[in-house]
Amino acid sequence: MKKNIILALLVVASLSSCGEYNKLLKSTNYEYKYEAAKNYFAKGKYGKSATLLNELITILKGTDKAEESLYMLGMSYYNQKDYSTAAQTFITYCNTYPRGVFSELASFYAGKALFLDTPEARLDQSGTYAAIQQLQKFLEYYPSSDKKQESQQMIFELQDKLVLKDFLSAKLYYNLGNYLGNNYEACVITAQNALKDYPYTHHREDLSIMILRAKHEMAINSVEQKKLERFRDTIDEYYAFKNEFPNSKYLKEASKIFEAAQKEIKD
């Protein structure tokens, strides 16, 4: 214990000298390197700590320092905002030390790193699904964690991103109209599936008006045999929309669609 304290003090004193970091990189004194990495980490010099720890994790494997060094490496990447590498490092830690000292934090930060690394809604959302899966896994393993509320909030935000992705797809189908097929139907199906999968989404009103618009356009562009049925379906959709969103910002538009559909039925 006394030896470790003395070594740590020597590290603190020597790191302030010029060129010490370059000497560390060449050193084969791995205990000294480990203390230096911890010191750099404590000072917020995460790039230097990550470089040293990357070398040490293999060398320290099987020792009492291996677990802490791997967790510190993950946090070094995380604090540098290299979230992809951080997440993978934390997942490696969890797989290697499932009952480790830092297993709860590593599992949480794996999910948070993936959350912070997710792309905007217009892009491929495979990363978003991976983040949700990791955060759900964390909540399953640590249901009483003080990180529970934050994890749940991240899941809600990620789910909303998936819904926004569906909304943008539905909007694209609507704008394509009858180009190369009945895109209005694809719009309705996409929006309905989003509402079914995520019933409490913040985008519920936007998706619902999109369905009403698309059903009205489907009715207008239908063959004569299907027009009556589809205008009636539009009217039913209007009532459902009005009942759920009586004060909707889209109510004026919805009323115009309703009036137009009613006129078609009467005529």
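Residues numbered from 1 in each chain as written. Predicted model: local features only at pLDDT ≥ 70, side-chain atom pairs only at ≥ 80, totals over all residues. Heavy atoms only, no water.

### Concerning the overall build of the chain
To be explicit about the condition: Each helix corresponds to a stretch of at least 4 residues labelled H or I by DSSP, and each strand to a stretch of at least 2 residues labelled E; elements are numbered beginning at the N terminus. Only C-alpha atoms enter the radius of gyration, while the globule expectation follows 2.2 Å times N to the 0.38, with N the number of residues. Only protein chains enter the calculation, and the probe is 1.4 Å; a residue is then buried if its accessible area is under 20% of its type maximum, exposed if over 50%, and partly exposed in between. Here a residue-residue contact requires only that any non-hydrogen atoms of the pair lie within 4.5 Å. Only the protein chains shown count as covering a residue, and every accessible area follows the Shrake-Rupley method with a 1.4 Å probe. Residues scored as positive are Lys and Arg, those scored as negative are Asp and Glu, and His as well as the terminal groups of each chain are ignored. By convention, the point assigned to a charge is CZ for Arg, NZ for Lys, CD for Glu and CG for Asp.
In terms of helices and strands, the chain carries 13 helices and zero strands. Moving toward the C terminus, one meets the helices and strands of the chain in the order α-α-α-α-α-α-α-α-α-α-α-α-α. By the compact-globule yardstick of 18 Å for 267 residues, the chain is too spread out, its C-alpha radius of gyration being 28 Å. A principal-axis box enclosing the C-alpha atoms of the chain has dimensions of 95 × 40 × 30 Å. Of all 267 residues assigned to the chain, the portion counted as buried reaches 43%. Here the contacts in the chain between residues at least 6 apart in sequence split such that 55% fall between residues at least 24 apart. Carbon together with sulfur atoms contributes 51% to the accessible area of the chain, which is approximately 15,400 Å² in total. Positive and negative side-chain charges in the chain, numbering 35 and 33 respectively, have mean positions lying 6 Å apart.

### Here's the deal with the packing of helix H5 (residues 66-79) against helix H7 (residues 103-116)
We apply this condition: Convention adopted: a line fitted to C-alpha atoms gives each axis, helices being fitted over their contacting stretch, and angles between N-to-C directions are expressed from 0 to 180 degrees. For classification purposes, an angle smaller than 35 degrees is called roughly parallel, one larger than 145 roughly antiparallel, one from 65 to 115 roughly perpendicular, and anything else oblique. Put simply, a crossing is left-handed when the front helix is turned counterclockwise from the back one by less than a right angle, and right-handed when it is turned clockwise. When residues are sorted by character, Ala, Val, Leu, Ile, Met, Phe, Trp, Tyr, Cys and Pro go into the nonpolar class, Asp, Glu, Lys and Arg into the charged class, and all the rest, Gly among them, into the polar class.
Remark: H5 packs on H7, axes separated minimally by 11 Å, with the N-to-C direction vectors making an angle of 25 degrees. Taken together, the axis directions place H5 and H7 in an arrangement best described as roughly parallel. H5 and H7 meet at a crossing whose hand is left-handed. For the pair H5 and H7, the contacting residues are Tyr71, Met75 and Tyr78 in the first and Leu105, Ala106, Tyr109, Lys112, Ala113 and Leu116 in the second. Of the residues assigned to the contact of H5 with H7, the class counts are eight nonpolar, no polar and one charged.

### A closer look at the packing of aromatic side chains
Stated formally: Aromatic pairing here means that ring centres of Phe, Tyr or Trp (its six-membered ring) are within 6.5 Å. Orientation follows from the plane angle: under 30 degrees is stacked, over 60 is edge-to-face, and everything else is tilted.
In total, this model carries 19 aromatic pairs according to the counting rule given. Considering the side-chain rings of Tyr71 and Tyr93, the 6.3 Å spacing of their centres and the 65 degrees angle between planes classify their relative orientation as edge-to-face. Of this pair, Tyr71 sits in helix H5 while Tyr93 is found in helix H6 (residues 83-96), placing the two residues 22 residues apart along the sequence. Since its relative accessible area comes to 10%, Tyr71 is described here as buried. Relative accessible area serves as the criterion here: at 0%, Tyr93 is assigned to the buried category. Between Tyr78 and Tyr83 the ring centres are 5.5 Å apart and the planes differ by 65 degrees, which places this aromatic pair in the edge-to-face class.

### Some remarks on the nonpolar core
Under the convention used in this document: We call a set of buried Ala, Val, Leu, Ile, Met, Phe, Trp, Tyr and Cys residues a nonpolar core when their side-chain atoms join them within 4.5 Å.
Judged by nonpolar contacts, the single largest core of 58 residues is most densely connected at Leu52, Tyr71, Tyr78, Phe90, Tyr109 and Leu207. Ranked by residues supplied to this core, first place goes to H5 with eight residues.

### Looking at the pattern of salt bridges
To keep it simple, the criterion reads: A side-chain nitrogen of Lys or Arg and a carboxyl oxygen of Asp or Glu constitute a salt bridge if their distance falls within 4 Å.
Tallied over the full model, the rule gives nine salt bridges. Measuring nitrogen to oxygen at the nearest pair gives 3.8 Å for the salt bridge that ties Lys65 to Asp64. The exposure class assigned to Lys65 is buried, which follows from its relative accessible area of 18%. Between Asp206 and Lys249 there is a salt bridge whose closest N-O contact spans 4.0 Å. With Asp206 in helix H11 (residues 204-220) and Lys249 in the loop between helix H12 (224-244) and helix H13 (251-266), this residue pair connects regions lying 43 residues apart in the sequence. Among the residues examined, Lys249 registers a relative accessible area of 63% and is labelled exposed. Salt bridges linked by common partners bring Lys215, Asp233 and Glu237 together as one network.

These figures capture arrangement, not role.
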